[in-house]
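Descriptive structure summary
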Amino acid sequence: MMPAWARTIRFQVALSLGLMFAALAGSAGYGLYALNLRQHDYEILNLSGQLRVTSAAMISDARTHLQDPGSSAPSSERERAMYVERLRRHMALYDQIISSFVARRLDPELTGRSDALVCNWDSQSRSQLQRSSDDWRLFRTELVRRLGAGDQGPQAAAAAAYLADNGDRLARSSSELSRAFQLMMERKASALRLFDEVVLVAAAVTMLSLLALLYRRMVKPLRDTLSGFSRVARGDLGHQVPVQGAGEIRQMTTAFNQLSERLNSLFRLTDRITHGNTLDETLRFVLEEFRAFLPLDWVGVFFPSPDGERLVLERQYGDHGTALREGVSLPRSAVDLNPDAPATIDDIAARDAQDPSGACAAMLSEAGLGSAMLLRTQGDGTGALLVFASRTPRAYLPEHAELLTNVAGQVTHALDKTVFMEGLVVSAVQGLAKLAESRDPETGDHLARIALYAALLAEELGRSGPYAGDITAAYVRAIHQFAPMHDIGKVGLGDDILRKPGPLTAAERLEMQRHPVIGAEVLRRCESQVNARGYSIFGMAIDIAEGHHERFDGTGYPARRSGKAIPLAARIVAVADVFDALTSRRPYKDAWPVDKALATLELLSGQHLDPDVLAAFFRALPRILDVHDRFKANAVDRVAASAATAEAVPETAAQLSTASA
Ligand SMILES: [Fe+2]
Ligand SMILES: [Fe+2]
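Figured I'd write up the structure that's included with this text. Keep in mind it's a predicted model, so treat the numbers as computed, not measured.

Comments concerning the environment of G534
Along the chain, G534 turns up in the loop between α14 (515-532) and α15 (539-547). Taking the C-alpha atoms as reference points, G534 and H275, 259 residues apart in sequence, are found 9.2 Å from one another.

If you want it as structure tokens, here you go:
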């Protein structure tokens, strides 16, 4: 594994430059060396050439001397002396060159250079040198013997004759030496050429590998990143470049990918939160999408109470184990913040209850949270407080606050829109439910009770059993909202059937059994109206209205569906409806005691009612009975005020029908 510093561009560039400098210096040094070597060889060749020239000169001098006819004339005396002197000079030069070669040291006086040259002979040159030197020694000895000490005519003639007869041997010997040196130098030159070629190939390979490395580690990653930049610039947000290279290039690519991913998330975030059609959806999107940017374990939204004094927790979304009690509230003064500028509580546990955000911190510590960011939105309809929190203390950095500031506008807009829509839906639902209630003699508090029973049942189903984890807080809220609409179809029935005191005839019963179909039809029309505006609101209400008289064994109406083919919301409402029908007074029967009603419910398990839902009903029984008892007490109270109620109901119905007309 390469250490990190070795992967940085500055190191790699420095290394490449260093290698290039070393190669240049090496090649210059090598050039100098080769030049020096050539000069050296030239000196040796020159000297060995001089041997040849000297031997040739001695021979030709000798032959000229012997051919001289008047060797006794006085002029010839002088010429003979000159001949002898020349011969001695030639012998001295030859001797000096040969002994220098043997000693492997060429003195400056021979080469004319400032320093002595040291020579190396290969084996062939060395043996030839040995032979030539031996030849010379013998030749010289004989020559010296014949020449004697003086320069008398006979001695000079004897030496010349010896040279003329045997000089060719000396000439051959010096030629062979010169040839041996030449061959040695050619061998050396071809070795040098081979070395040159090898070095050239090695340099080319090194250069190519260096280029390939540069391309792979720098040029290509840079080019890919550049094309990534232009793709992002063209709007392909989230485009990821393959992370290649090392060091700074790798860091740059990684940073680019993060930037691209963040841009994409930011874009998706604003897109999703502005497309949320319900408050729940919008807040769920906020939680899901903000996670990419913030440490986030819990999101809560507080709305002002009707009197504007307090901020009440309306919705919260958090991971398992992070939840506040429903309906907790804060005095408005405790979170006196600038709108659209988030405030951070860096350490919830350390926050003193006395300081301004202490009340908020104390509340959040209940859910096991460590730090939080608070954002006041200044919407037309909301002015809500959004709380983003993490379990970790000091999880939020200034850049997180900056991000929130940037998207606060979008969040406010999205909240406004969904709060407004939800308000509209809730009042429409309440209006419709009350409209149905006003014409139905079986009511009393039937609708209020059934809403609570269904909500408790759904909550219990979400806790354990086959639906555990599937049922969300939003589902529970929705079923609480829509269960009262189960009999909405009864608005389409005539008073003759709806208010008939006695038992119904078969034909009347068939007419009565049309109410689920009528209800679903009415709600479908509402749904298609809101669908046209991009919302979906009544899905569950349709399921409930249509399916609440289906039976688990398939003997119900209108579609004779069975088991799981009946929507879960309808199966839940069926249990709530039957229990409430049994325990309430109706024109044709008294209210049954709870024990008797429960025994009957048990008999209906798997026939009329879903056994899983019924099991949840029995698990939730204590809380269901609380509701039952509370309404029973209310009913007793209300007997006294029945006259006022009797007048109030038609009045409300009249207002509603005017409003919906
Ligand atoms: Fe019904
Ligand atoms: Fe009912």
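Here we look at a nonpolar patch on the surface
Taken together, the side chains of M207, L208, L211 and L214 present a nonpolar region at the surface, about 380 Å² in accessible area. On the secondary structure map, L211 appears in helix α5 (residues 153-233).

What about the coordination of the iron ion (ligand 1)?
In the first shell of the iron ion (ligand 1), the protein supplies D487 (OD), H515 (NE2), H548 (NE2) and H549 (NE2), at 1.9 to 2.3 Å from the metal. One can describe the site at the iron ion (ligand 1) as irregular: its 4 donor atoms subtend angles covering 81 to 167 degrees at the metal. Of note, the donors binding the iron ion (ligand 1) are all from one chain and are spaced D-x27-H-x32-H-H. Between the iron ion (ligand 1) and the iron ion (ligand 2) there is a metal-metal distance of 4.7 Å. Linking D487 in the loop between α11 (473-482) and α12 (495-498) with H515 in helix α14, this pair joins segments that are 28 residues apart in sequence. Like H515, D487 is buried.

Remarks on the sheet that holds strand β7 (residues 371-376)
Reading across from one edge, β5-β4-β3-β8-β7-β6 is the order of the 6 strands in this open sheet, with antiparallel pairing throughout. Two strands in the sheet have a free side with no partner beyond their single neighbour: β5 (329-331) and β6 (343-345). Recorded for the sheet is a direction-independent mean angle of 25 degrees between the axes of neighbouring strands. In the sheet, β6 pairs with β7 via 3 bridges, with the strands oriented antiparallel. Looking at β7, one finds that T344 is bridged to M373. Sheet contacts for helix α8 (residues 358-365): β3 (298-304), β5, β6, β7 and β8 (385-390); angle to β5, the most-contacted strand, approximately 165 degrees.

Looking at the nonpolar core
Core analysis: the largest hydrophobic core is formed by 58 residues, its most contacted members being Y475, I479, F482, I572 and F617. Membership of the second largest hydrophobic core comes to 33 residues, among which are I97, I98, L117 and L129.

What to know about the coordination of the iron ion (ligand 2)
Around the iron ion (ligand 2), the protein supplies H446 (NE2), H486 (NE2) and D577 (OD) as donor atoms, at distances of 2.1 to 2.5 Å. Linear spacing of the donor residues for the iron ion (ligand 2) on their chain is H-x39-H-x90-D.

Comments concerning α14
Over its 18 residues, α14 runs 26 Å from end to end, which matches the ideal 26 Å to within 8%, given 1.5 Å per residue. Restricting attention to buried positions, one finds in α14 the residues H515, P516, I518, G519, A520, L523, E527 and V530. The inward-facing, buried residues of α14 contact α13 (506-512) and α15.

Digging into the packing of aromatic side chains
Summed over the entire model, instances satisfying the criterion amount to 12 aromatic pairs. When the centroid spacing of 5.0 Å and the interplanar angle of 45 degrees are considered together, the rings of F139 and Y162 count as tilted. Taken as a pair, F139 in helix α4 (residues 123-147) and Y162 in helix α5 lie far apart in primary sequence, 23 residues in all. Looking at F139, the relative accessible area reads 1%, which means it is buried. A relative accessible area of 9% places Y162 in the buried class. Ring centres 5.4 Å apart and planes at 70 degrees place the aromatic pair Y453 and F579 in the edge-to-face group.

Concerning the side chain of D577
As for its position among the elements, D577 is in helix α16 (residues 568-583). Classification of D577 by relative accessible area gives buried; the value is 9%. When sequence neighbours within four positions are dropped, the list of residues in contact with D577 reads H446, I450, H486, H548 and H549.

Rules of the game
- Residues numbered from 1 in each chain as written.
- Chains lettered and ligands numbered in written order.
- Predicted model: local features only at pLDDT ≥ 70, side-chain atom pairs only at ≥ 80, totals over all residues.
- Heavy atoms only, no water.
- Helix = DSSP H or I, 4+ residues; strand = E, 2+ residues; numbered from the N terminus.
- Patch = residues over 30% accessible without salt bridge, like charges linked within 9 Å, V, L, I, M, F, W, Y side chains within 5 Å.
- Areas by Shrake-Rupley, 256 points an atom, 1.4 Å probe, with all protein chains shown as cover.
- Salt bridge = Lys/Arg side-chain N within 4 Å of Asp/Glu carboxyl O.
- Donors = N, O, S within 2.8 Å, 3.2 Å for Na, K, Ca; no water.
- Tetrahedral: all angles 85-135°; square planar, octahedral: opposite > 155°, others 65-115°.
- Buried < 20%, exposed > 50% of the residue type's maximum accessible area, 1.4 Å probe, protein only.
- Pairing = 2+ DSSP bridges.
- Axes fitted to C-alpha atoms, helices over the stretch in contact; angles between N-to-C directions.
- Contact = heavy atoms within 4.5 Å.
- Core = buried A, V, L, I, M, F, W, Y, C linked by side-chain atoms within 4.5 Å.
- Expected span 1.5 Å × (residues − 1).
- Phe/Tyr/Trp six-rings, centres within 6.5 Å; stacked < 30°, edge-to-face > 60°.

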